[in-house]
Amino acid sequence: MSNINRKKDALNYHSMGRPGKIAVVPTKPYNSQRDLSLAYSPGVAEPCLAIAENNEDAYKYTAKGNLVAVISNGTAVLGLGDIGAQAGKPVMEGKGLLFKIFADIDVFDIELDTKNVDEFVNIVKAMEPTFGGINLEDIKAPECFEIERRLKAEMKIPVMHDDQHGTAIISGAALINSCELQNKNIADVKIVVNGAGAAAISCTAMYVSVGAKKENIIMLDSKGVIRADRDNLDATKAEWATTLGIYTLEDAVRGSDVFIGLSKADVLTPEMLSTMAPNPIVLAMANPNPEIAYESAIATREDIIMGTGRSDYPNQVNNVLGFPYIFRGALDVRATAINEEMKIAAVHAIANLAKQHVPEEVNQAYNTNNLRFGRDYVIPKPTDPRLITEVSIAVAKAAIDSGVARKNIEDWNAYKEELRKRLGKDDRIMRNMTDKAKRNPKRVVFAEADNYKTLRAAQIVKEEGIAIPILLGNKEKINGLIKEYGFEIGTVEIIDPQEEKDTERYEKFANHLYMKRQRRGVTKSEASKLITNRNYFAASMVEFGEADTLISGLTRNYASTIRPALQVIGAKEGSRLVGMYMMLTEKGPLFLGDTTVNTDPTAQELAEIAVLLETAVKRFNIKPRLAMLSYSNFGSNEGTTAKKVREAVKILHKDHPEIIVDGDLQANFALNKDLLEANFPFSSLNGEAANTLIFPSLESGNIAYKLLQEVGNAEAVGPILLGMNKPIHVLQMDSSVREIVNMVTIAVVEAQSCNTSN
């Protein structure tokens, strides 16, 4: 991806729609005058008086207990350095976004325009009544050490400088596990730390806390080995100074067991690496490029365990494995601090999680069935859904045991369940699907490639490694759009069906269509003409294995787009076609069908639709719970639709007793488990809300998903076409680029499944 395109994409991402990445939303009703009188005057006086009598009630009546401040003065922003408080705001907003999507923690980002330590500390201290925790970010050393030390001593809420401790915690877990795998005792290993900034100092201290010996550690900064005889050595570096006769990185790594890189790219050469002890451990964490390239490292040493800060290689040391869950645990027990015991608990929780059986959804996300503890898996993947439970619980327990918790948790199972339910709306499913697609990208035909949105989506999926695009359309127009918008698609196949006439491939496609449709009114001449249509050509490419899947429908209605695929490829024998939408809602993913194909299905057809949806939902590693919807609840109303739905449920209960399904049901009862259980305790859906909704007609399903999309602020992924012989997906007209990318991702994963089954 070129720097120009990256810059454009980044600026567009942050400015599109509502500027920025985070917002404040109300959590209580506000539509009536009564609501407003309770929210503000006069009703608000009551919680104010309660808090005045007992400050702890702030956690009961306000958002304090789930609110973290991300605070910076912009003096050490990412790889940008001292760019100032205002310029650092996008980073702080981004940190807030990560807190929310990974741990459901609300954030106010606060940028302080001061470099004075006293002023910084006094401002943050004065904000203690507002927040449940303070995340310090992007503050340069050595000031960051003093700021954090003073705030931890003078405040009674958790304070953590993530630049220091986040990397320390994650790399500490990686080091513990790597030593175990390499049959090394952490107390005996010789460690070289290249870098002496805030992260390096904190990492080194953490390694000592988990068992490394201080005398076995050599630290270097930009001037070389930090030695005790160096002049003007500040206190933070002096603690790690050596008296050994070692002066350079080359000297330091010779015979060492561990290399920790928190410096800059390419400082560790293959020649240096070759001099390390047998079974070396290298955590090269400089970003975006590590101290030694991954490929170079593993080519130099077969016995190496290698980790980086990058997501495209094994063993990514990523702070997102830690900070959201550390604060989650600290907030949930109202901790007065994040102490050493809590950080060490997080280290061991992360390390232990890597040794557990990997959930299938994580395996599938990385397109493997054998992710397990070993050289290429020493720490968990960021998509592992167990991080919020394992790390948060470990931190909360450590807070209680070390005496800094103001709230005790007695039912840990209930707390674990609460953590699982916390995330609500997020794109975890799509992130997992994207990771899975990247592991084995498939050839995707874009049948409308002479369109800006289609080309943009094709560029994204190619750059991200999700798919291998094949572009169909007028070559001159496609190349013109590529040039006009500066797309860097690179080497891709561009096909104009009009230019394919009289070729061997064209004749093969036309003959196939003619043989399939000759008894349905299609002549040989008409078949030849139809193949010039891009949707017919694209479907033929998939049918003959020249592509794995196709995407179309952006500029044409659903019926005219699906017809070519049906005529060329066809539906699975004995199967019904169904259109399913996955709606990413605040309460989690919701699957809807049929929304695009079957106009007025019979009871038998509704049952078939339900079976198809149940199978499809399982592919997302979600246990399907089906509600057959109507305007009636278990016979409370009569009518053709209600009777049809009840009959479909009877069929399902008889023929598919393994499926969790019930109805007829109104939508509110299907989605509200408490309401359902209180009124219909006999329902087989009791215990959890339904996650898969079967509509009695296309009309109702189509209306429902569009209402959810527009009014419910749910993200629609679909329509996902079920029942075809091969993976074909038809977009809703005028889909966004994001929606196209999502559908391509789904199509690639489905194509992977088809290849596996074949």
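Every value quoted in this text rests on a predicted model; they were computed, and no experiment measured them.

Peer 1: Explain the overall build of the protein here, please?
Peer 2: The helix and strand inventory of the protein stands at 31 helices and 21 strands. Taken over the C-alpha trace, the protein has a radius of gyration of 29 Å; the compact-globule value for 758 residues is 27 Å, and the two agree within 12%. Overall, the C-alpha framework of the protein stretches about 95 × 70 × 45 Å when taken along its three principal axes. Long-range pairs, those at least 24 residues apart, make up 70% of the contacts in the protein with a sequence separation of at least 6. For the protein, the accessible area works out to roughly 33800 Å², and carbon and sulfur atoms hold 50% of it. Of note, the protein has its 88 positive side-chain charges centred 3 Å away from the centre of its 98 negative side-chain charges.

Peer 1: What exactly am I supposed to notice about helix α21 (residues 475-485) here?
Peer 2: For an α-helix, the turn length of 3.6 residues means that residues three or four places apart are oriented alike. Residues I478, L481 and I482 constitute the buried set of α21. For α21, the buried positions fall inside an angular range of 100° around the axis, keeping them on one side. Residues of α21 that are exposed and point more than 90 degrees away from the buried face comprise E476, K483 and E484. In this structure, the buried side of α21 is in contact with α20 (452-463), β12 (467-472) and β13 (493-495). Where α21 begins, the side chain of N474 points an oxygen toward the backbone nitrogen of E476, at a separation of 3.0 Å. Phi for G486, located one or two positions after α21, is positive at around 70°.

Peer 1: So what exactly am I meant to see when it comes to the packing of aromatic side chains here?
Peer 2: Each aromatic ring pair is specified by the distance between its two centres and by the angle formed by the two planes. Inspection of the entire model under this criterion finds 13 aromatic pairs. Arranged with centres 4.9 Å apart and planes meeting at 70°, the rings of F634 and F682 form a pair that is edge-to-face. With F634 in the loop between β17 (626-629) and α27 (640-655) and F682 in the loop between α29 (673-679) and β19 (692-694), this pair connects stretches of sequence that are 48 residues apart. Under the relative-accessibility criterion, F682 is labelled exposed at 56%.

Peer 1: Mind showing me how you'd approach the pairing of strand β9 (residues 281-284) here?
Peer 2: Successive residues of a regular strand alternate their side chains across the two faces of the sheet. Side-chain alternation along β9 places I281 and L283 on one buried face and V282 and A284 on a second face that is also buried. Here 4 bridges tie strand β8 (residues 258-261) to β9, and the two strands are oriented parallel to one another. Along β9, the bridge assignment pairs F259 with V282. Chirality of the crossover, the property in question, places the unit of β9, helix α13 (residues 294-300) and strand β10 (residues 305-308) among those that are right-handed.

Peer 1: Before we go on, may I ask you to explain the side chain of S72 in this structure?
Peer 2: Within the secondary structure, S72 sits in strand β1 (residues 67-72). At a separation of 3.3 Å, a polar atom in the side chain of S72 contacts the main-chain carbonyl oxygen of D138. Contacts of S72, omitting those with residues within four sequence positions, involve M92, I110, E111, L112, F120, E137, D138 and I139.

Peer 1: Would you take a moment to explain the nonpolar core for this structure?
Peer 2: Looking at soluble globular proteins, one finds that nonpolar side chains tend to be buried together. The biggest cluster of nonpolar side chains holds 97 residues, and the ones touching the most others in it are I71 and I134. Examining the composition of this core, we find that 9 residues originate from one element, helix α17 (residues 387-401), more than from any other. In contact with I134, other than residues within four places in its own chain, are A69, I71, V124, M155, I157, P158, V159, M160 and F327. Formed by 61 residues, the second largest nonpolar core is a distinct cluster that contains M433, I482, I746 and V749.

Peer 1: Looking at this structure, I do not really get the packing of helix α6 (residues 117-126) against helix α7 (residues 143-154). What am I missing?
Peer 2: Packed helix pairs are specified by the crossing angle of their axes together with the interaxial distance, meaning the distance between the axes. Close contact between α6 and α7 brings their axes to 10 Å; oriented N to C, the two are set at 35°. The interaxial crossing formed by α6 with α7 has right-handed handedness. Contacts from V117, D118, F120, V121, V124 and K125 in α6 reach E143, E146, I147, R150, L151 and E154 in α7. When grouped by side-chain class, the residues that make up the contact of α6 with α7 number 6 nonpolar, no polar and 6 charged.

Peer 1: Before we go on, may I ask you to explain a nonpolar patch on the surface in this structure?
Peer 2: Together, L78, L80 and I83 give the surface a local cluster of nonpolar side chains, amounting to about 300 Å² of exposed area. For I83, the position within the fold is in the loop between β1 and α5 (89-103).

Peer 1: I'm lost on the sheet that holds strand β5 (residues 191-194) in this one. Help?
Peer 2: Adjacent strands of a sheet pair through backbone hydrogen bonds, lying either parallel or antiparallel. Strand order in this open sheet of 6 strands is β7-β6-β5-β8-β9-β10, and the pairing throughout is mixed. For this open sheet the edge positions go to β7 (224-225) and β10, each flanked by a neighbour on one side alone. Relative to β9, helix α8 (residues 162-181) is tilted by about 160°, and along the sheet it contacts β5, β8, β9 and β10.

Peer 1: I would appreciate a short explanation of the pattern of salt bridges in the present structure.
Peer 2: Any two side chains of opposite charge can pair, so long as their charged atoms come close to each other. Under the criterion given, the structure shown has 47 salt bridges. The closest approach of N and O atoms between D82 and K115, which form a salt bridge, is 2.6 Å. Within this pair, whereas D82 is found in the loop between β1 and α5, its partner K115 is found in the loop between β2 (106-111) and α6, the two being separated by 33 residues in sequence. Two residues, K184 and D257, come together in a salt bridge whose shortest N-O distance is 2.6 Å. With K184 in the loop between α8 and β5 and D257 in the loop between α11 (249-253) and β8, the pair connects residues that are 73 residues apart, well separated along the chain. In this structure D257 comes out as buried when scored by relative accessible area, which is 12%. Residues participating in the shared-partner salt-bridge network are K89, E93, D109 and E111.

Peer 1: Looking at this model, I keep getting lost on the sheet that holds strand β3 (residues 133-136). Mind explaining?
Peer 2: Reading across from one edge, β2-β1-β3-β4 is the order of the 4 strands in this open sheet, with parallel pairing throughout. The open sheet has two edge strands, β2 and β4 (159-161), and neither has a second partner. With direction set aside, neighbouring strand axes in the sheet form an average angle of 20°. For β1 and β3, the ladder comprises 4 bridges, and the chain directions are parallel. Within the sheet, the bridge partner assigned to A69 lies in β3 and is I134.

Peer 1: Would you explain helix α14 (residues 323-332) in this entry?
Peer 2: For α14, the buried fraction is high: 10 of the 10 residues fall into the buried class. Residues of α14 that are buried: F323, P324, Y325, I326, F327, R328, G329, A330, L331 and D332. Phi for R334, located one or two positions after α14, is positive at around 50°.

Peer 1: Any chance you could explain the environment of P382 here in plain terms?
Peer 2: Structurally, the position occupied by P382 is in the loop between α16 (360-365) and α17. Between the alpha carbons of P382 and N432 there is a distance of 9.9 Å; along the sequence they are 50 residues apart. In this structure, P382 is in contact with F102, Q316, N318, V320, L321, Y366 and L387, ignoring residues within four places of it in sequence.

Peer 1: Would you mind showing me how to read the pairing of strand β14 (residues 549-552) here?
Peer 2: Residue alternation in β14 divides its side chains into two sets, T549 and I551 and L550 and S552, and both sets are buried. Examined bridge by bridge, strand β11 (residues 442-446) and β14 share 3 bridges and lie parallel to one another. The residue bridging F446 from the neighbouring strand is I551, located in β14. Of the strand pairs in this sheet, β14 and strand β21 (residues 728-730) are connected by 3 bridges, and their pairing is parallel. When the sheet's bridge partners are listed, I551 is paired in β21 with H729.

Peer 1: Can you walk me through the environment of V192 in this structure?
Peer 2: One can find V192 in strand β5. Sequence separation between V192 and A299 is 107 residues, and the spatial gap between their C-alpha atoms is 21 Å. Those residues within four positions of V192 in sequence are excluded, and the remaining contacts are I218, L220, L249, A252, V253, S256, V258, F259 and I260.

Peer 1: In this structure, what is going on with the environment of Q33? I would like to understand it.
Peer 2: Relative to the helices and strands, Q33 resides in helix α2 (residues 33-39). We classify Q33 as exposed; its relative accessible area is 61%. When the C-alpha positions of Q33 and D82 are compared, they lie 49 Å apart, and in sequence the two are 49 residues distant.

About the cut-offs
Residues numbered from 1 in each chain as written. Predicted model: local features only at pLDDT ≥ 70, side-chain atom pairs only at ≥ 80, totals over all residues. Heavy atoms only, no water. Helix = DSSP H or I, 4+ residues; strand = E, 2+ residues; numbered from the N terminus. Rg over C-alpha atoms; globule rule 2.2 N^0.38 Å. Contact = heavy atoms within 4.5 Å. Areas by Shrake-Rupley, 256 points an atom, 1.4 Å probe, with all protein chains shown as cover. Lys, Arg positive; Asp, Glu negative; His and termini not counted. Charge placed at Lys NZ, Arg CZ, Asp CG, Glu CD. Buried < 20%, exposed > 50% of the residue type's maximum accessible area, 1.4 Å probe, protein only. Arc of directions from axis to C-beta. Polar contact = N/O pair within 3.5 Å; in protein donor to acceptor, adjacent residues only side chain to side chain. Phe/Tyr/Trp six-rings, centres within 6.5 Å; stacked < 30°, edge-to-face > 60°. Pairing = 2+ DSSP bridges. Right-handed = clockwise from strand over helix to strand, strands pointing away. Core = buried A, V, L, I, M, F, W, Y, C linked by side-chain atoms within 4.5 Å. Axes fitted to C-alpha atoms, helices over the stretch in contact; angles between N-to-C directions. Left-handed = near helix turned anticlockwise from the far one by under 90°. Nonpolar A, V, L, I, M, F, W, Y, C, P; charged D, E, K, R; others polar. Patch = residues over 30% accessible without salt bridge, like charges linked within 9 Å, V, L, I, M, F, W, Y side chains within 5 Å. Salt bridge = Lys/Arg side-chain N within 4 Å of Asp/Glu carboxyl O.

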